[in-house]
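An overview of the molecular structure
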Amino acid sequence: MIEIATPLTGAASTGEAVQFWILAVIAVAGALGMVLCRKAVHSALCLAGTMIALAICYMAEGAVFLGVVQIVVYTGAIMMLFLFVVMLVGVSAEDTVKDALKGQRIAAVVAGLGFGVLLIAGIANAKLRTFTGTGAADAKAGGNVQGLAALIFTKYVWAFEVTGALLITAAIGAMVLTHRELTEEKQSQRDLAERRVRLGTQVTPLPAPGVYARHNAVDVPGLLPDGTPSELTVNPTLRARGQMRDVSGELVDRMGELEASTAGWLGRRTPKPRHSTELAKAPAAASAPAPTAEEPQE
Amino acid sequence: MNPVNYLYLAALLFTIGATGVLVRRNAIVLFMCVELMLNASNLALVTFSRLHGNLDGQIIAFFTMVVAAAEVVVGLAIIVSVFRTRHSASVDDTNLMKL
Amino acid sequence: MDNLIPVLVGLPLAGAAVLLLGGRRLDRFGHWLGVLASTASFGVGLALFFDMLSRSTAQRPAFDHLFTWVPVEGFQAQIGFQLDQLSVVFVLLITGVGSLIHLYSVGYMAHDERRRRFFGYLNLFLAAMLLLVLADNYLLLYVGWEGVGLASYLLIGFWQHKPSAATAAKKAFLVNRVGDIGLSIAIMLMFSTFGTFAFGPVFGAAHTASQGTLTGIGLMLLLAACGKSAQVPLQSWLGDAMEGPTPVSALIHAATMVTAGVYLITRSSAIFNLAPTAQLATVCVGAVTLLFGAIVGCAKDDIKKALAGSTMSQIGYMVMAAGLGPIGYVFAIMHLVTHGFFKAGLFLGAGSVMHGMNDEVDMRKYGGLRSYMPLTFVTFGLGYLAIIGFPGLSGFFSKDKIIEAAFAHGGTEGWILGCAALVGAAVTAFYMTRVMLMTFFGEKRWQPDAEGHEPHPHESPKTMGIPMVVLSIGSVGAGALFAWNSSFVNWLTPVTGHEEGHSPLSSWTVSGVTFAVIALGVLVSWLMYGRQPVPATPPVGSLLTRAARRDLLQDDFNHVVLVGGGTHLTRFLVYLDAKGFDGVVNGIAAAVGGTSGRMRKLQNGYVRSYALSMFGGALVLVATTLLMRAV
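Residues numbered from 1 in each chain as written. Chains lettered and ligands numbered in written order. Predicted model: local features only at pLDDT ≥ 70, side-chain atom pairs only at ≥ 80, totals over all residues. Heavy atoms only, no water.

Right, let's get into the interface of chain B and chain A. Frequently, the measure chosen for interface size is the accessible area removed from exposure when the parts meet. On the chain A side, the residues contacting the 68 residues of chain B number 89 residues. Interface area for chain B against chain A, summed over the two sides, is near 7200 Å², with a carbon-plus-sulfur share of 74%. Counting the contacts that link chain B with chain A gives three salt bridges. Residue Glu16(A) pairs with Arg50(B) through a salt bridge whose shortest N-O separation is 3.1 Å. Looking at which element gives the most residues to the side of chain B that touches chain A, the answer is helix α3 (residues 56–86) of chain B, with 23 residues. (Contact = heavy atoms within 4.5 Å. Buried area = accessible area lost by both parts, 1.4 Å probe. Salt bridge = Lys/Arg side-chain N within 4 Å of Asp/Glu carboxyl O. Helix = DSSP H or I, 4+ residues; strand = E, 2+ residues; numbered from the N terminus.)

Residue and element names in this part refer to chain A. Summed over all chains, the structure comprises 30 aromatic pairs over all chains. Arranged with centres 5.1 Å apart and planes meeting at 75°, the rings of Phe20 and Trp21 form a pair that is edge-to-face. Taking the relative accessible area as the measure of exposure, Phe20 reaches 2% and is therefore buried. Residue class for Trp21 comes out partly exposed when judged on its relative accessible area of 48%. (Phe/Tyr/Trp six-rings, centres within 6.5 Å; stacked < 30°, edge-to-face > 60°. Buried < 20%, exposed > 50% of the residue type's maximum accessible area, 1.4 Å probe, protein only.)

Next up on the list: helix α7 (residues 144–152) of chain A. Here α7(A) has its buried residues at Asn144(A), Gly147(A), Leu148(A), Leu151(A) and Ile152(A). Taken down its axis, α7(A) places every buried residue within 130° of arc, on the same side. Looking at the buried side of α7(A), the elements it contacts are α4 (64–89), α6 (135–141) and α8 (157–178) of chain A together with α3 of chain B. (Arc of directions from axis to C-beta.)

A word on the interface of chain B and chain C. Listed as interface residues are 14 residues of chain B and, on the opposing side, 11 residues of chain C. Surface buried jointly by chain B and chain C totals about 1000 Å² across both partners, of which 64% is contributed by carbon and sulfur atoms. Viewed at the interface, chain C and chain B are joined by one salt bridge. Arg608(C) serves as the salt-bridge partner of Asp92(B), at 2.8 Å between the closest nitrogen and oxygen. Our count for the contact surface shared by chain B and chain C stands at three residue pairs in polar contact (both at pLDDT 80 or more). Considering each element in turn, the side of chain B that touches chain C owes the most residues, four residues, to helix α1 (residues 4–23) of chain B. (Polar contact = N/O pair within 3.5 Å; in protein donor to acceptor, adjacent residues only side chain to side chain.)

All names here are of chain B. In the UniProt entry, the feature "transmembrane region" (unreviewed entry) is given for residues 6–23, 28–48 and 60–83. Here residues 28–48 runs as 100% helix and 0% strand, with 30 Å between its end C-alpha atoms. With 100% helix and 0% strand, residues 60–83 has its two end C-alpha atoms placed 34 Å apart. (UniProt positions renumbered as here; feature names shortened; annotations may be inferred.)

In this model, chain B carries a mean pLDDT of 89, and residues with pLDDT of at least 70 account for 99%. Ranking the elements of chain B by mean pLDDT puts α3(B) last with 89 and α1(B) first with 93. (pLDDT = per-residue confidence, 0-100.)

Right, here's the structure in full:
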């Protein structure tokens, strides 16, 4: 790609044209996917694709250094930061289909279409000079990177310094924003243990999740002996996101099926099918040990 | 091919990004849309650099990236801190600034 | 000698100041101090008069410039006095009659504990009135004009514990203000037209002004005269002004102050002579008022109100005469002076009657008083003969001359005015005879008052008697004195100018006809009130009688037209203000508020909504930029 970029003097070569059309399709598809995907993770991945496509475009246009920076900084660092926050905040938090603002979506699409049409019409009507290409400028400085460096540290040195200050400020700002002031003395493990005992609500460690879970054990609450799910077994963050999966009803149904299928075989009476809701309502009634041991774990 | 096509692509991406800002409610996706808009403008700047035959456009694109990085840092910090207090990443939930 | 002119004003002014500021310690002799100030002023006036007599006609007017009141470039208000033949007549009338009435008041107000204050007000009045007639410019005249208004107000409301007196004082003051506005506008017009308001320059430059300006000034002066002299349409206050003590009625509301309007018109003769429209208005006002007052006088049972109607009517004669121009000015002033004598005498007589009758004013409760009060009867009777114009007495000379001048005005107008004056003379004879008959003839009709005190009619003390006698002498002799050898005419001609009228009727014919109508009036009156007993309660009477008892509905007219109109105008303005202006203001406020309330909904707190607005704005900007480039 660097090879394609270097001879740039003005009009694009056929190779670049082919490359452009492929990249343009990828970039637009990625952009549309980002906007249309309901899951933030998918959006982030789509955006990463678009950015890589754009990075290649930069290189094709002779901005080799920018292309590399685009991949390293944007796709590498910034997008990872995005993904990190997405994971932190809610990997599967989806936008509802219904918009709270009436007419916002239609107005946005109309405005966007109008804006796009205007921009494209403006570019189409612009009397652009012939593209001279950056080859000469690069050659003068002895290469693209050298040329940029020369400009940054001479003509744009003030902007460069100010940008550095901005980055530091941003770093401090992020720290300030996410910092939480301790309003009381930090409790040690010993303090926590003592408090737990004193309160007497949950002396033992919290029950483990994933008992009888079938998929990702972490987000499936463990079942109590009577078959009811225990929310305590799930991480509070997942609880806050509402990302718990309740499989108890499914399990109970399957157990009923199993009992029914083995009833004749074991010579027992067919028990009445039970439902999880019923169990949840009357946990005291379900004092008998649930036949959960038979459930195979997956 | 005329390199003007790069400009059309930039305009298209910018428009998609802007529309996305208006349509999406997840604050993180909103930020991504903003990033897309910045990238689109970067593409336009690089193309202009090629048009004029000097490197100033690339320099400005470079600065845009730096500023975008700073903006993302602060923006994501804000999102995290809002999520901590409101348990939501939707920008529609932070709507108390009104009469 | 001219330096004495300010003393004329200064003496009563000093008297007023001493009496009003001196406090209770002056109570014992304060009234004599008042009489002294007045008499001294009269003495100075006499001295100045004889000094003037001793000079040739051209040398007679005397001037004394005291000081410059407002020394501003272009606006020089002077305190200056002018004593000419016209002023001196007034000075003698005011101080002479004034002194007599001061003397009379000593007796009349003997039992009033606020007598000192009364004399202070009387002196104040004298000072203001003298200032009015002695001023050499309109602004100073205006000061005197307002001064007499103030004194009149204070004296009408002297018995302020009576609500009727307080109301009457306020009414007089208010109605006078309307006239005063006319005078002030006239002065402003003069100043803007001539750049001065001194008599000499104004009269000298009068012919340079436009006809419209002169008519305007004339009409405004006429309005002022109407207010002060109780002429239609500003006549309504005079009847009520009789609430004041009788000496006040005699001095202010019969002899002097109410004639100030006549003085003003005569003094401004140079302006009126050049403004025929204003003159026409003046004669119309005079003619209407002389009939109006006479009719009112016929219906009143209150002796003072009957005399007040008569005053109105007689001043109507004077105003009419003044409006006739050079043929009438002199006779207006002559009638003014003779009227000053006989009307003051009549009022003093009425006061004497009231004094003897426990302050009863209803003539239906008099009757047969001639034997109880012979002196009052005689003096009152002489005044009566004078006013109806009995040949040889003063009213005969002055009134006949006015009637003659009215005929001499010429044309249809002359005939109408002359006939109005003749009718007025007949009605005057009728109502004066009625007053005379009801008061002094017939049987006794007096009744015990509410507390059961039987009135004991008695002759008044000497302090009251002497002025009545003096005035009755004046009533009898003044006319003849003035008419003798045309002395009065010759005296005033240098000031007012005089033309002999060319009456279509000869002087003797007018006198004969006048005497005939007077005799007719007396006869009718005798038939109605002399031959048959007067009922103690007034009969219902005809529509005209009832209207006349209510002052020919003047108050009702004022109430309906002015008060009602004003009230409706005010209500309309309030309505306009509340609905119109406030409506606009409140409407704007409501519109802003309502718009804001709706605009507020745009501020919905959703950041995406704001972003949409921003994006819309960017769209518009881009569109505008492209359009501008395309253009």
